[in-house]
Amino acid sequence: MKKKKKITKKKVIIAIIIVVIAIFIFTNANKNNNEEVSKPEIETIEKRTIAKSISATGTINSTNTKNVVSTLTGSEILSVNVKKGDKINVGDVICTFDTSTLQQNLNIAQASQSTSQAQANLGVESAHRNLSDAIANKNTQVNNSQQDINSAKTAYDNAVNQLNNINNSIVEKQHQLNSYAGQQADFASVEQNYNSKKIKFENATNEYNARKAEYEAGVLNGTIIENTPDANDKKQNLTVLESNVKLAESEYLTAQTEYNTKQATFTPVKSQYEALASEVASLQAQKAQIEPTISQLKATYDKMITAYNSVVSTADSTIESMKDNVKNSELAASSSSLASASQINTLKDQIADGVVKSTVSGTVTNVNVKKGDLYTGTAIATIEGTEEFIVEAEIDEYDIPDIEIGMKVLIKTDATRDEEMEGRITYVASSATNNAVNAGMATTGTAVSNATYKVEIALDSANDRLRLGMNAKLSIITEMEEDVWSVPYNAVYNRDNGTHYIEIAKDDTGENKEELDVTLGIQGSYYIQIKSDKLKPDMKVVLPKIEAGDSMNDLLEMMGADAGM
């Protein structure tokens with residue numbers, strides 16, 4: 001079973017209701033006279049921009065309500081230059097204060113600042129001089145210490161070079177000695193052989209002579225009788241000894257010849273060898289003397305380096321201390337200057353505040369002081385700014401959840417005639433402004449109340465016809481779709497299974513029609529978005545007829561559940 005879709009509407013334009021009721025009355029009045037059924041109405045399906053909105057009313061207010069105050073509490077007011085209702089601009093003088101005491105204090109503070117600054121500058125200059133002296137002392141001490149290091153290093157290097165030269169000479173002369181060593185050994189061998197042969201010859205000669213003398217003495221004294229066996233043995237022994245002497249003599253003479261020959265060639269070499277050996281011995285003695293000296297010079301050099309490092313470290317520590325003194329002096333001078341400058345600037349600002357000027361353009365709505373008053377810190381005057389307006393509105397608790405910051409708002413006022421202005425939601429209250437009690441009581445006897453929430457709307461452009469307190473009609477766009485297929489919302493039908501369809505005219509009469517399944521989108525005040533891949537340009541939808549016998553309830557149901565709101 002098909003039934004017309006009951007489209008839920010928050011509000012329906014009153015003119016449509018009036019037209020529908022008029023049609024109902026007219027058709028009922030003539031139903032007995034005209035039983036003829038009117039032709040179906042058809043409409044071309046088009047693409048439109050559909051917006052879903054919330055209607056509200058608001059008030060034009062200022063974004064800049066200024067309570068004019070001053071810091072000069074306790075000062076006397078010399079003049080008041082505005083009165084309630086005056087129109088003023090930015091920079092206009094509102095009132096003036098007596099600032100003579102402040103000017104005296106400023107003069108004293110400036111004089112004190114000059115003295116303090118001069119003293120602080122002297123401290124900074126002294127700290128800089130001490131730093132310069134510390135740097136100069138470091139340079140002097142470092143230079144002296146460096147000279148000590150250089151002298152110690154020169155002495156040490158000279159001694160090391162001398163030792164190296166001695167070692168090189170020893171190596172060189174030892175090498176020369178080594179080259180003579182063979183000749184020396186050869187000569188020594190010949191000399192030894194010569195001495196050995198000489199001794200052998202001398203011993204053989206002495207033995208022979210002793211035995212010969214003994215034999216001759218024995219013959220003379222008769223102890224030896226010649227031609228006796230004993231004498232013959234002795235003579236035979238002398239012959240052997242004589243033979244030995246001759247052999248030893250021959251060997252001796254041969255060794256003597258070899259010795260004399262070697263001695264003739266080795267004598268100059270020997271003198272060179274002995275001279276070299278003497279030089280090596282002398283160099284060894286020098287080396288033995290210089291090595292302890294080198295150790296002492298090295299210790300002195302190391303001591304000078306340690307002393308140099310100590311001088312640098314101590315000087316650097318002193319310089320850093322002097323730098324800290326400079327910084328502390330500069331900070332003290334800066335702090336003193338800043339403190340004085342802060343006091344002076346404060347006094348200057350207070351003197352400048354003695355002439356109170358408006359920071360906004362607008363209307364003076366209240367003046368709370370007069371000439372001769374001692375200012376107590378309250379608002380001097382109140383100014384409602386006119387440079388920029390906003391619209392404030394109270395939204396019912398039913399609609400407030402659908403409103404967000406940034407939403408577009410269409411605005412109309414009586415003063416701006418038919419001009420429709422645009423704005424944006426800039427503020428949405430998180431708590432209720434009030435709980436306005438509705439007329440009437442619930443069945444329990446308790447009053448029924450609706451909470452409202454404040455919203456603020458910024459205008460996209462200024463309008464010189466707007467004034468504070470004007471009423472404004474608002475349409476808050478909560479949802480919008482552009483360039484979408486749409487039909488009047490009463491042209492959509494529901495099926496019991498929850499699907500939707502419209503009736504498409506197959507000819508110009510609308511009597512010949514067919515169903516087209518659609519899905520629904522956003523719903524406006526009269527049109528509703530439909531979706532289907534079968535929709536085409538110039539396609540026509542059949543609108544429902546109002547039959548002569550339809551009741552008012554049927555009409556309202558056809559328009560939607562909230563059509564009568």
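Because the structure is predicted, anything quoted here is derived from the model rather than measured.

Section: the overall build of the chain
Helix and strand counts for the chain stand at four helices and 21 strands. When the 565 residues of the chain are sorted by exposure, 31% land in the buried category. Within the chain, contacts between residues separated by at least 24 positions form 78% of all contacts whose residues are at least 6 apart in sequence. Approximately 33700 Å² of the chain is accessible, and the part contributed by carbon and sulfur atoms is 49%.

Brief notes about the sheet that holds strand 5 (residues 77–80)
Taking strand neighbours across the sheet as the criterion, the three strands line up as 5-7-8 in an open arrangement whose pairing is antiparallel. Bordering the open sheet on either side are strand 5 and strand 8 (355–357), each of which pairs with just one other strand. Across the sheet, the mean angle from the axis of one strand to that of its neighbour is 20 degrees, orientation sign disregarded.

Some points on unusual backbone geometry
Phi is positive for D483, close to 55 degrees, though the residue is something other than glycine. Judged by its relative accessible area of 52%, D483 falls in the exposed class. One non-glycine residue, D538, adopts positive backbone phi at about 70 degrees. Mapping D538 onto the fold places it in the loop between strand 20 (527–531) and strand 21 (540–543).

As for the environment of V245
Mapped onto the elements of the fold, V245 is located in helix 3 (residues 229–352). The exposure class assigned to V245 is buried, which follows from its relative accessible area of 11%. Separated by 40 residues in the primary sequence, V245 and T205 place their C-alpha atoms 5.4 Å from one another.

Some details on the nonpolar core
In this structure, V391, I395, I411, L474 and I476 are the most contacted members of the largest nonpolar core, which totals 23 residues. Those elements giving two or more residues to this core turn out to be strand 3 (46–62), strand 11 (389–396), strand 12 (408–412), strand 13 (421–428), strand 15 (447–459) and strand 16 (471–488). In terms of residue count, the dominant contributor to this core is strand 15 (five residues). Beyond its immediate stretch of four places on either side in the chain, I395 contacts A56, I400, I403, A451, T452, Y453, V455 and I476.

Comments concerning the sheet that holds strand 4 (residues 65–68)
Within a sheet, adjacent strands bond to each other through the backbone by hydrogen bonds, running parallel or antiparallel. Taking strand neighbours across the sheet as the criterion, the four strands line up as 4-10-9-6 in an open arrangement whose pairing is antiparallel. The outermost strands of the open sheet, each flanked by one partner alone, are strand 4 and strand 6 (87–88). As defined by bridge partners, strand 6 adjoins strand 9 (residues 362–367) across two bridges and the pair is classed as antiparallel. Pairing of K87 across the sheet is with T363, part of strand 9.

Quick notes on a positive patch on the surface
There is a patch of like positive charges on the surface, built from K87, R417, R465 and R467. Positionally, R417 belongs in the loop between strand 12 and strand 13.

Re the packing of aromatic side chains
Inspection of the entire model under this criterion finds eight aromatic pairs. Measuring from centroid to centroid gives 6.0 Å for Y489 and Y526, while their planes differ by 75 degrees, and the two rings are edge-to-face. On the criterion of sequence distance, the pair formed by Y489 in the loop between strand 16 and strand 17 (493–494) and Y526 in the loop between strand 19 (513–523) and strand 20 is long-range, its members being 37 residues apart. Of the residues examined, Y489 reaches a relative accessible area of 3% and is grouped as buried. Aromatic rings pair up to connect Y194, F201, Y252 and Y259 into one cluster. Between the NZ or CZ atom of R48 and the centre of the ring of Y527, over which it lies, the distance is 3.9 Å.

Some words on the pattern of salt bridges
In total, this model carries 20 salt bridges according to the counting rule given. A salt bridge links E251 to K200; the nearest nitrogen and oxygen atoms lie 3.3 Å apart. Of this pair, E251 sits in helix 3 while K200 sits in helix 2 (residues 100–221); the two residues are 51 residues apart in sequence, bridging distant segments of the chain. Residue E503 is joined to K513 by a salt bridge in which the shortest nitrogen-to-oxygen separation is 3.1 Å. Of this pair, E503 sits in strand 18 (residues 500–505) while K513 is found in strand 19, placing the two residues ten residues apart along the sequence.

Side note on the side chain of E384
The residue E384 is located in strand 10 (residues 381–385) in this model. No salt bridge forms around the buried E384; measuring N to O, its nearest opposite-charge neighbour K87 is 11 Å away. Filtering out sequence-adjacent residues up to four positions away, E384 remains in contact with S62, N64, T65, S361, G362, T363, T365 and L468.

Focus: the confidence of the model for the chain
On average, residues of the chain score 83 in pLDDT, and 86% of them reach the 70 mark or higher. Across residues 436–444 the pLDDT falls below 50, and counting only partners more than four positions away or on other chains, this stretch makes 13 contacts in the model. Confidence drops under a pLDDT of 50 for residues 548–565, and excluding neighbours within four residues, the segment shows 44 contacts in the predicted structure.

Describing the environment of S196
Within the secondary structure, S196 sits in helix 2. In this structure, the C-alpha to C-alpha distance between S196 and E251, residues 55 residues apart in sequence, is 9.9 Å.

Regarding the side chain of T99
Tracing the chain through its elements places T99 in the loop between strand 7 (93–97) and helix 2. With near-sequence residues (within four places) excluded, T99 lies in contact with L72, Q350, I351 and G354.

What counts and what doesn't
Residues numbered from 1 in each chain as written. Predicted model: local features only at pLDDT ≥ 70, side-chain atom pairs only at ≥ 80, totals over all residues. Heavy atoms only, no water. Helix = DSSP H or I, 4+ residues; strand = E, 2+ residues; numbered from the N terminus. Buried < 20%, exposed > 50% of the residue type's maximum accessible area, 1.4 Å probe, protein only. Contact = heavy atoms within 4.5 Å. Areas by Shrake-Rupley, 256 points an atom, 1.4 Å probe, with all protein chains shown as cover. Pairing = 2+ DSSP bridges. Axes fitted to C-alpha atoms, helices over the stretch in contact; angles between N-to-C directions. Core = buried A, V, L, I, M, F, W, Y, C linked by side-chain atoms within 4.5 Å. Patch = residues over 30% accessible without salt bridge, like charges linked within 9 Å, V, L, I, M, F, W, Y side chains within 5 Å. Salt bridge = Lys/Arg side-chain N within 4 Å of Asp/Glu carboxyl O. Lys, Arg positive; Asp, Glu negative; His and termini not counted. Charge placed at Lys NZ, Arg CZ, Asp CG, Glu CD. Phe/Tyr/Trp six-rings, centres within 6.5 Å; stacked < 30°, edge-to-face > 60°. Lys NZ or Arg CZ within 6 Å of the ring centre and 35° of its normal. pLDDT = per-residue confidence, 0-100.

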